[in-house]
Each structure stands twice: as structure tokens, then as C-alpha cells.
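The primary structure of each chain is shown beneath.
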Amino acid sequence: MNTEPASDVVARIDALLPQTQCTRCGYPGCRPYAAAIASGDAQINQCPPGGSATIRALADFLGRDVLQLNPVNGVESPPRVAWIDEARCIGCARCLPPCPVDAIVGAAKYMHTVLAERCTGCELCIAPCPVDCIEMRSLSAPQDPSNQPPLNRTRYDAHLERMLRRASDRQRELDAKKASLAGRAPAES
């Protein structure tokens, strides 16, 4: 049994996860899943991208039994990346916000493309695409997985920070519009 402080345990568990931020574990990202494991609210076998290697690493760290990957969360498979059929892409930009590591580039009304070296294979971009031009493909050349989780975590944190900043900016704009409308006196008849 691990006797580290809870925040250290969560950080260590999080570091063992692949940082794909795919949500297949049932949590909104790797860190919330790590917190759930640490608190005993989640099992160590809910991460399909990490598969059996991650389950073994978590079991070793936490002093738990190795479990089989829970099929409810998915199946273990070789790493894959998203690919956009640029001829079918309509530039709707619906795939951009769900990408947790900003691996998709493009702009509204322009075709989009995936930066394969950044893609975590989370599949979160597939569902919002209205023309089904995104598919998952096997990696053509295997990436060095040793540095990917830290890079994925950094990119995910930057993505979250930007999304929060945009939401805050949007709220300020709305508040300013409301204040400007509230300052106008109704026309007298």
C-alpha cells in the first residue's frame, strides 16, 4: 500500500497514464481518472490506450492485482492517428474544439488536416464531423512513446488554458453588451 500524500499519488498515477485524454475511461481526462484511482472510485483497468502495460505499471505502483482491461471501456489496439479526407472536408471547424492536444489545424470554411505527430488517437474529433471525413489510421512509422505522455500533458494543459481564456473573454464581451444595453433608457412615448 502506498503511503505518499494524496496529491503526490494522483500525480504519480497520472504520470503512468498515456495522456491521450480520450475519456474512454469514463472520466474527462487522465488527471481526473488518476484522482479516481487514487480515491478508490475507479479501477486500474479502464484505459484502453494504455492497455496491459499501463495496468501492470499501475498495479505495481499501487500494490494491487493486475486486472484485464475492462471491455466496457474499449479494447487495446496499436496506436492510431486521425486522418482527414481533405477532399470531403467542408471546413466546418467542429473537429477543432474537441481535440485535446490541438493536433488538428485549419480554419472555418477551409479544409483541415491532422498533425500526426501530435495526434493522441483519442477519436474525439470523429463524432462532431458532419460529413464523416475523419477516420483513424495506423501509424505509418511508430513514434517514440517515451516522451509522448509528457508532451501530450503539456499540450492538453495549453488547450484547456486557451479554452478557459476564450470562455472568459466571451463572457466579458457578453457582460459589456448587457451593461451597454442596460445603460440605454427606454424611449418615451
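Residues numbered from 1 in each chain as written. Predicted model: local features only at pLDDT ≥ 70, side-chain atom pairs only at ≥ 80, totals over all residues. Heavy atoms only, no water.

### As for the state of the cysteines
A disulfide bridge is the covalent bond that connects two cysteines by way of their sulfur atoms. Inclusion rule: Cysteine sulfur atoms that come within 2.5 Å of each other are treated as a disulfide pair.
Inspection of the entire model under this criterion finds zero disulfides. Free of any disulfide, Cys125 has its nearest neighbouring cysteine sulfur in Cys122, separated by 6.0 Å. The thiol of Cys129 is not disulfide-bonded; the next cysteine sulfur, from Cys133, is found 3.7 Å away.

### What to know about helix H2 (residues 30-39)
Where we set the bar: Each residue is placed in one exposure class: buried if its accessible area under a 1.4 Å probe, protein chains only, is under 20% of its type's maximum, exposed if it is over 50%, and partly exposed if it falls in between. Numbering goes from the N terminus for both helices and strands, where a helix is a DSSP run of H or I of at least four residues and a strand is a run of E of at least two. Arc definition: it is the arc formed by the directions from the helix axis to the C-beta atoms. For this analysis, residues touch if any pair of their heavy atoms sits within 4.5 Å.
Among all positions of H2, only Cys30, Tyr33, Ala34, Ala36 and Ile37 are buried. Within H2, the buried residues cover an arc of 160° as seen down the axis, which keeps them to one side. The inward-facing, buried residues of H2 abut helix H1 (6-16), helix H3 (51-62) and helix H4 (148-182). Phi turns positive, to about 90°, at Gly40, one or two residues after H2.

### A short note on the packing of aromatic side chains
Operational definition: Within 6.5 Å between ring centres, the rings of Phe, Tyr and Trp (the latter by its six-membered ring) count as paired, and their orientation is classed by plane angle as stacked under 30 degrees, edge-to-face over 60, tilted in between. Sitting over a ring, as applied to charges here, requires NZ of Lys or CZ of Arg to be within 6 Å of the ring centre and within 35 degrees of the ring normal.
Applying the stated rule across the entire model yields one aromatic pair. Looking at Arg137, its charged tip hangs above the ring of Trp83, at a distance of 3.6 Å from the centre.

### Description of the environment of Trp83
As for its placement among the helices and strands, Trp83 is situated in strand S1 (residues 80-84). Taking the C-alpha atoms as reference points, Trp83 and Gly121, separated by 38 residues in sequence, lie 9.9 Å from one another. Not counting the four nearest positions on each side in its chain, Trp83 is found in contact with Val114, Cys133, Ile134, Glu135 and Arg137.

Limitation: the analysis is restricted to geometry and does not speak to function.
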